[in-house]
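Structural overview for review
Now for the letters of each chain:
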Amino acid sequence: MDPTIVSRIALEVGLQEGTAAAVVGLFERGLAAPFIIRYRKEATGNLAPAKIRAVQERMSYYADLLERRAALVRLLLDQKKLTDELQQRIDRIFNKVELEDLFQVFRSKKRSRATEAVEKGLEPLAEYLWNQEPDAWSLEEHADVYIDPEKQVTSREQALQGSADIIAEWIADDIRVRQKLREMLWNEGVVVSTVVPAKAGLKTKYTMYYDRREKVAKIPSHRVLAIRRGTKEGILTSAIQGDSAAALEFLLTTVIKDKESAFAPILEKAARDSYHRILRPLIETEVRAMLKERADREAIRVFQENLRSLLMSPPAGQLVVMGIDAAKAEECHVVVVDGNGKLLEAGVISPLPPKNEVEAARALIKDLIARHGVQAIALGSNTLARDLESVIRTILAEEKIEGVLLVGVNDAGLAVYASSRTAREEFPEMSASGRSAVSLARRLQDPLSELVKIDPKLIGVGQYQHDVDQKELHRGLTQIVEACVNDVGVDLNAAGPFLLRYVAGFNDRLARKVVAHRDTHGPFTSRAALASVPGMESLSYQQAAGFVRVRSGENPLDRTAVHPETYPIVEWMATTLGCAVSELVGNAELVKSLKLEEFVQEGIGMATLEDIREELLHPGRDPRKPFAAPKFRPDVRQIGDLKEGMVLEGTVTNVTNFGAFVDIGIHQDGLVHLSQMSNRFIRDPRETVRVGDVVQVKIISIEEETKRIGLSMKALLPKTPRERKRTPRFRPKTAAPRERAAAPEGGQDAALAPRESRRRPGRRPPRRTRLEAPVPENAAAVAPAPEDPGETQPPPTEPEPSMQEKIALLQSKFRGTR
């Protein structure tokens, strides 16, 4: 890559130029990000994964930029307008927007008033006006020269108007003008959204945008996308308003050299026409595109974080699981899979209305549990699944079946998988509902292995994922899936092609060859045997070897994340301790006795050695959290069952920039707003929760009309020391009166007089640090009632002094010290 671009990447990512060049070089050699992050720490200086991925993103940006540069050069060559000066100018452009500005100048234009004026031969007159250099002829005399009835220029005014049209287009094509106006609109512009008059009386999810104004530079990404979606649905209209007066003042100052000259009126007319007719709509469109691009980046980042959390959901493990899909009330498909996800048996039950065949369902469920040793039952998360869960719990309790875990599984993207070609190829004889039941059971066992079969865009844990750039979304989500798969590792003898294709160095074709080789020659006995797969190149094997596991292989290191290229280091360690490698793996006492400094050599530093030590201490450790399932309340099945003040347990299903959505056991998820997440200040909801987390929430609002449920996690947290120390702002009148001291000289009236009136004349009273409001007569009546009879409300808090009061207090203290 061009050294200039490498230098820019280093500056943008915040790296030393040598480090950036090293990372760029590794990517150019065809190495994948997971491999570089894990096994090339010495080459990258143990760089953080986020920095390495940032370098990869900037490389992609500049690759697109170089392609666009080449397209511009081809366009100029076709027009025979490419000069050395223009080529150098193109080579100095490193911004896509600036490059598009230059494209705009040379791109073939549609027929316009300016092109018609040029065809009429008015361009020389426009150049004379533009140069603003008077000569012996007057402006009118110059204009009269171009009167030509054959060219439909019949008057002096038509000639001047045509030349003004040409100048207006020249102004609009000026790159510096467009950059300045775009900068002005970005920094000072306001995004305005209003409701369509016909929808003004309706309450929709866009109600908060019916009359809203926000700065372009500060509007959050989710609001940009919400306004765009509301506009697309015909509920909102939106615009970007800027300071037109300031923009016109800039244009007139730029174009007109002398405001008193004879050229000024016609140039002013051209500038105003250029702004209102061409520049203003064009700049607004460009700023909208910039806003959309920024919102897309943020939305994709949110989707990536949520997808990572979902893919890294805790697995239940190799349990025998019964999966039940309740997509239809008339019939629910039941399957049983073994610990490896292999289908054992399938059936159908109909315990829900209208059939209500509970006894038949009881018999089948009891029989399947007894014959297959079912350890867990997996259900979906829709409304029917909640009704079915109640029926199954009753059956298990009445039949005294213990030790069977009943779990609601996140069914995001389930219907997409069930109707996919992948599912049809695996289970050609089953219905879509039956395939869904199998997928539910497998998701409980290992969410990652099952979710990789679905296009990550269709899983549905994003923020306006259908409104963002789909190409960038696909690229970003694919990176996350690859990162998760390689972080966890893949069982070489159990994984299917859909999981193997995300291993570093593999693709879909090579993954299928690995599975075919395994089916033909039997399970792999070592990592080294992977190299014998037809089509396996050395670079592919080098990257994949460390991320695949052979659980019962010949070499104990094959079940760890230690890369085969560092096996000699581990053997050296074992020799130093006088033991076999098999005795060293998992032996904490021996591993901790190693002095890693003794094993440092070229290409293998302390960072890699520390990773090796961790793997020897915890061979084959799964980085995912332990499995936990939420406990839904059996009496809460629909929004009508909710009451404010209820405390429920639920699962986080989606996290956005403004809060988190939580499944509380009904069909509609509730929202924990950012302000209700913590009793400390947080900027990002992901500081508190992740997709898949099991949380406790309190119901704080219910809107049945719009199906909005407001939740709070903060309400269940203990108060901070600062909150406990706060004193009440009002003292209730019913409080016991303080004991008064003896009345001073002057009687009782003097004792009751304000303190200020009893001070010595001429002395300034001290400034109060806090406002003291009078106690209302109905203090007891206005005090907030407790939400629950048995719950004591915290005292109202006293506000902090205003900034003016703080300044006055400091001034009074300063005067006292003098």
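This write-up is about the structure you can find in this document. (Residues numbered from 1 in each chain as written. Predicted model: local features only at pLDDT ≥ 70, side-chain atom pairs only at ≥ 80, totals over all residues. Heavy atoms only, no water.)

**Structural notes on the side chain of Asp684**
Considering the arrangement of structural elements, one finds Asp684 in the loop between strand E13 (670-673) and strand E14 (694-703). A distance of 3.0 Å separates a polar side-chain atom of Asp684 from the backbone nitrogen of Arg686. (Helix = DSSP H or I, 4+ residues; strand = E, 2+ residues; numbered from the N terminus. Polar contact = N/O pair within 3.5 Å; in protein donor to acceptor, adjacent residues only side chain to side chain.)

**Thoughts on the sheet that holds strand E5 (residues 332-337)**
The mixed open sheet is built from five strands, whose spatial order is E6-E5-E4-E7-E8. The open sheet is flanked by strand E6 (343-349) and strand E8 (405-408), the only strands paired with a single partner. Ignoring strand direction, the axes of neighbouring strands in this sheet form an average angle of 20°. Note: strand E7 (residues 376-379) against E8, four bridges, orientation parallel. Paired with Ala378 across the strands is Val407, a residue of E8. Each of strand E4 (321-325), E5, E6 and E7 is contacted by helix H16 (residues 358-372), which is oriented at about 170° to E6, the strand it contacts most. (Pairing = 2+ DSSP bridges. Axes fitted to C-alpha atoms, helices over the stretch in contact; angles between N-to-C directions. Contact = heavy atoms within 4.5 Å.)

**With respect to the pairing of E5**
In terms of burial, E5 is a largely internal element, six of the six residues being buried. Across the two faces of E5 the burial is the same, with Cys332, Val334 and Val336 and His333, Val335 and Val337 all buried. Examined bridge by bridge, E4 and E5 share five bridges and lie antiparallel to one another. Within E5, the residue paired with Ile324 across the bridge is Val334. (Buried < 20%, exposed > 50% of the residue type's maximum accessible area, 1.4 Å probe, protein only.)

**Focus on the nonpolar core**
Formed by 176 residues in total, the largest nonpolar core has its most connected members in Leu500, Leu530, Leu642 and Ile664. With 17 residues, the top contributor of residues to this core is helix H15 (residues 264-311). (Core = buried A, V, L, I, M, F, W, Y, C linked by side-chain atoms within 4.5 Å.)

**Examining the pattern of salt bridges**
When charged atoms on two side chains of opposite charge get close, those side chains can pair. What the rule picks out here adds up to 50 salt bridges. Notably, a salt bridge pairs Glu286 with Arg178, separated by 2.4 Å at the nearest N-O pair. Residue Glu286 is located in helix H15, and its partner Arg178 is located in helix H12 (residues 175-188); the two are separated by 108 residues in the primary sequence. Accessibility classification places Glu286 together with Arg178 in one group, the buried group. Close ionic contact of Arg362 with Glu398 constitutes a salt bridge, the shortest N to O distance being 2.7 Å. With a gap of 36 residues between them, Arg362 in helix H16 and Glu398 in helix H17 (residues 383-398) connect regions that are remote in the sequence. Residues joined in a network through salt bridges with shared partners are Glu359, Arg362, Lys366, Glu398 and Glu399. (Salt bridge = Lys/Arg side-chain N within 4 Å of Asp/Glu carboxyl O.)

**Quick word on the sheet that holds strand E1 (residues 190-195)**
Pairing is antiparallel across the open sheet formed by three strands, whose spatial order is E2-E1-E3. Two strands bound the open sheet, and with one partner strand each, they are strand E2 (211-215) and strand E3 (236-241). The mean inter-strand angle of the sheet, taken between neighbouring strand axes irrespective of direction, is 15°. Bridge analysis of E1 against E3 gives six bridges, and the strand direction is antiparallel. Residue Val195 lies in a different strand from E3, and its bridge partner there is Leu236. Against the sheet, helix H13 (residues 221-232) makes contact with E1, E2 and E3, and its axis sits at roughly 130° relative to E3, the strand it touches most.

Interpretation note: all reported values are geometric properties and have no functional meaning in isolation.
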